[in-house]
Amino acid sequence: MAKRDFYEVLGVTRSCDEKALKGAFRKLAMEFHPDRNNGDQTAEIKFKEINEAYEILRDPQKRAAYDRFGHQAFEHGAGFGAGAGAGFASFADIFDEFFGDFRAGGRRSGRERGSDLRYNLEVTLEEAYSGKAVEIEVPTSVTCDACSGSGAKPGTSPKACPTCGGAGRVRASQGGFFHIERTCPACHGRGEVVTDPCAKCAGAGRVSETRTLSVNIPPGIEDGTRIRLAGEGEAGLRGGPAGDLYIFLSIKPHAFFQRDGADIFCRVPVSMTTAALGGQFEVPTLDGGRSRVKVPEGTQGGRQIHLKGKGMPVLRSHKVGDMYVQILVETPRNLTRRQRELLEEFERDSSEENNPESTGFFSRVKDFFDTLGEK
């Protein structure tokens, strides 16, 4: 029976790149793998055909020879024909590239590392400023104290798996000329089985429990910061090492302040007369104190007043950020008749010197329209 074209076998074009070639092989190998098609001779034949095609086309030199001479390049002792055994022997390397489960491995321990845990913790901006120690309750799994994490009844111990002999993997012959290793179905790769399980943990080596932990929040912590507590995660199976606990910090929105790194921003509304005549007011600070802010005469809306050293501490540093107070000039509303009369009188007595910005702006607008009229 004539061999099919290797490109046709993998379902790719002759101009395909290495990435497309690997993708096609991976998909077909998974579909026709003998472990997924128990006893299906057709699938086994296709699986061998896919392997042979990929073994040739993955090698640039062999692919070039195949593109020029076709299957004849590897017949009569040439190329792949002479090394057919080596080709299938290297299939473990090919499959290992895609599916780590087919590596040859030694004995695995029955102990498994516990899972990492995540805990979301929200703190106030004041707490982020000063730092604090908080206690949290974490539902987790801890090592069973009855069996010390072995999973076996006290006085007994786990036994080597009789199916894999403690290796955690079993070998299966495919086609008589190569072997595939896979995870032992009896012990699930642990290499050990518990014949007489612990009554308290049912052989898992761990039990569920809520733990109380103390967490230190350092000054200057930022929103989204992650704190890792090594070994405080879920206990491992059958005495395996514990996972880690990751605490993700978020900072509550503040009633007055907005934060940008180590700097703090605060918007303060002042009356029109205070902005015009000048004045002063007090603002709270994150350290629990107050700072006096002076408003210069003629302050315009949007002006920022800088308070040095009144911001957030920089994490793990002696540096401190600043506070910026932004002035918002409030226009009076709901005027009485007398207030309106006074403002109208003020407007009549005002000159260009009182409102230089608006005077300059509308002067430029007039010049702009005059230029358009000349055209």
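The rules behind these values
Residues numbered from 1 in each chain as written. Predicted model: local features only at pLDDT ≥ 70, side-chain atom pairs only at ≥ 80, totals over all residues. Heavy atoms only, no water. Axes fitted to C-alpha atoms, helices over the stretch in contact; angles between N-to-C directions. Helix = DSSP H or I, 4+ residues; strand = E, 2+ residues; numbered from the N terminus. Parallel < 35°, antiparallel > 145°, perpendicular 65-115°, else oblique. Contact = heavy atoms within 4.5 Å. Nonpolar A, V, L, I, M, F, W, Y, C, P; charged D, E, K, R; others polar. Pairing = 2+ DSSP bridges. Salt bridge = Lys/Arg side-chain N within 4 Å of Asp/Glu carboxyl O. Buried < 20%, exposed > 50% of the residue type's maximum accessible area, 1.4 Å probe, protein only.

Draft legend 1. Molecular detail of the packing of helix α3 (residues 41-57) against helix α4 (residues 60-69). Where α3 meets α4, the axes come as close as 6 Å, and the angle between the chain directions of the two elements is 105 degrees. Viewed along their axes, α3 and α4 adopt a mutual orientation that is roughly perpendicular. Taking contact as the criterion, the partners of E55, I56 and L57 in α3 are, on α4, K62, R63 and Y66. Considering only residue class, the contact of α3 with α4 consists of 3 nonpolar, no polar and 3 charged.

Draft legend 2. Inspection of the sheet that holds strand β8 (residues 226-229) at higher detail. What the 3 strands build is an open sheet, ordered β1-β9-β8; its pairing is mixed. Edge positions in the sheet fall to β1 (117-123) and β8, since each has one partner strand and no second. Averaged over all pairs of adjacent strands, the angle between their axes in this sheet comes to 25 degrees, without regard to strand direction. Here β8 runs beside strand β9 (residues 245-251); their pairing, made up of 4 bridges, is antiparallel. Bridge pairing in β9 links R226 to F248.

Draft legend 3. Summary view of the pattern of salt bridges. Scanning the model with the defined rule gives 18 salt bridges in all. R113 is paired through a salt bridge with D244; the nearest N and O atoms lie 3.4 Å apart. One end of the pair, R113, is in the loop between α7 (91-98) and β1; the other, D244, is in the loop between β8 and β9, and 131 residues separate them in sequence. The class for R113 is partly exposed, based on a relative accessible area of 46%. What makes D244 buried here is its relative accessible area of 7%. R292 is paired through a salt bridge with E282; the nearest N and O atoms lie 3.3 Å apart. With R292 in strand β13 (residues 290-295) and E282 in strand β12 (residues 279-284), the pair connects residues that are 10 residues apart, well separated along the chain. Overall, the relative accessible area of 49% leaves R292 in the partly exposed class.

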